[in-house]
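Survey of secondary and tertiary structure
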Amino acid sequence: MHYIAWFRPVTLKLHSGIRHDVRSPYDALDFLNAEWPVRRGNHYAAARERCRNALTDPRETEAAREAMIAAALEAGVLCTETNRMTMPAAMPVAANSTRATAGAA
């Protein structure tokens, strides 16, 4: 089993008002299994599967994060104030992308 933290945590805002930072696929899987408010839905099931996969294959770590964000949106618990950028921090930017050339104009 691998424990690889995400570059950016996924912050959840629970219905009670408590905020919770999920920092890795392991944390996410634990939260999905023990404390998730809505235990159904396509994104919920996909997040559980992706997080389980990431525990054995570190290449799946950021895919698990993206699935966790989708599940949090589906359940209405994603804290939008702190999760404005959902792209992984280490994702390379293509040389011809808008983001890479925006400062050159």
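What comes next is a walk through the structure. Along each chain, numbering runs from 1 in the same order as the chain's sequence is written. Per-residue local features of the predicted model are confined to residues with pLDDT of at least 70, and side-chain atom pairs are confined, for both listing and counting, to 80 or more; whole-chain, interface and lining totals are unaffected and use all residues. Values shown for side chains rest on all heavy atoms present in the structure; no hydrogens or waters enter the calculation.

Let us look at the packing of aromatic side chains. Ring pairs shown here join Phe, Tyr and Trp side chains whose ring centres sit within 6.5 Å, with only the six-membered ring taken for Trp; geometry is labelled stacked below 30 degrees between planes, edge-to-face above 60, and tilted in between. This structure, assessed with the given rule, holds one aromatic pair. A ring pair is formed by phenylalanine 31 and tryptophan 36, whose centres lie 6.1 Å apart and whose planes are at 90 degrees; its orientation type is edge-to-face. An identical accessibility class is assigned to phenylalanine 31 and tryptophan 36; each is buried. Throughout, exposure labels follow a simple rule: accessible area from a 1.4 Å probe, protein chains only, divided by the maximum for the residue type, with under 20% read as buried, over 50% as exposed, and the rest as partly exposed.

The helix and strand labels rest on DSSP assignments: H or I over at least four residues marks a helix, E over at least two residues marks a strand, and numbering proceeds from the N terminus. Here proline 37 lies in the loop between helix H1 (25–34) and helix H2 (42–56). When the C-alpha atoms of proline 37 and valine 77 are compared, they prove to be 8.5 Å apart, with 40 residues separating the residues in sequence. When sequence neighbours within four positions are dropped, the list of residues in contact with proline 37 reads His15, Ala75 and Val77. By definition, residues are in contact when any of their heavy atoms lie within 4.5 Å.

Our next topic: H1. Within the span of H1, buried status applies to Pro25, Ala28, Leu29, Phe31 and Leu32. Buried residues of H1 fall within an arc of 165 degrees about the axis and therefore sit on the same side. Summarising the contacts, the buried residues of H1 are in contact with strand S1 (10–13), strand S2 (19–22), H2 and helix H3 (61–75). The arc in question is the one spanned by the directions pointing from the helix axis to the C-beta atoms.

We now examine the nonpolar core. Note that soluble globular proteins tend to have their nonpolar side chains buried in a common cluster. Here the nonpolar core consists of buried residues drawn from Ala, Val, Leu, Ile, Met, Phe, Trp, Tyr and Cys, with membership extended through side-chain atoms lying within 4.5 Å. Residues Trp6, Val10, Leu12, Val22, Leu32, Trp36 and Met68 are the most contacted members of the largest nonpolar core, which totals 24 residues. Contributions of two or more residues to this core are made by S1, H1, H2 and H3. With seven residues, H3 is the largest single contributor of residues to this core. Those residues within four positions of methionine 68 in sequence are excluded, and the remaining contacts are Trp6, Val10, Leu12, Val22, Ala28, Leu32, Trp36 and Ala47.

This paragraph deals with the pattern of salt bridges. Each reported salt bridge corresponds to a side-chain nitrogen of Lys or Arg within 4 Å of a carboxyl oxygen of Asp or Glu. The final tally for this structure, using the stated rule, is three salt bridges. Between arginine 23 and aspartate 21 there is a salt bridge, with the nearest N and O atoms lying 3.2 Å from each other. On the basis of relative accessibility, which here comes to 33%, the residue aspartate 21 falls in the partly exposed class.

Now for the pairing of S2. Relative to S2, S1 runs antiparallel, the two being bridged by four bridges. If you follow valine 10 over to S2, its bridge partner there is valine 22. Strand pairing follows a simple DSSP-based rule, namely that at least 2 bridges must link the two strands. Counting the residues that bridge the hairpin from S1 to S2 gives five residues, and of these glycine 17 lies at a positive phi of roughly 100 degrees.

Further remarks concern the packing of H1 against H2. Each axis is a line fitted through C-alpha atoms, taken for helices only over the stretch in contact, and angles between the N-to-C directions span 0 to 180 degrees. With their axes 9 Å apart at the nearest point, H1 and H2 run at an angle of 140 degrees to one another. Classified by the interaxial angle, the pair formed by H1 and H2 is oblique. The interaxial crossing formed by H1 with H2 has left-handed handedness. Between H1, through Pro25, Tyr26, Ala28, Leu29, Leu32 and Asn33, and H2, the contact on the second element is made entirely by Tyr44, Ala47, Arg48, Cys51, Arg52, Ala54 and Leu55. Under the convention adopted here, Pro, Cys and the residues Ala, Val, Leu, Ile, Met, Phe, Trp and Tyr are nonpolar, Asp, Glu, Lys and Arg are charged, and Gly plus all remaining residues are polar. Residues that form the contact of H1 with H2 fall into these classes: 10 nonpolar, one polar and two charged. Working rule for angles: under 35 degrees goes down as roughly parallel, over 145 as roughly antiparallel, 65 to 115 as roughly perpendicular, anything else as oblique. Crossings are assigned a handedness: left-handed for a near helix turned anticlockwise from the far helix by less than a right angle, right-handed for a clockwise turn.

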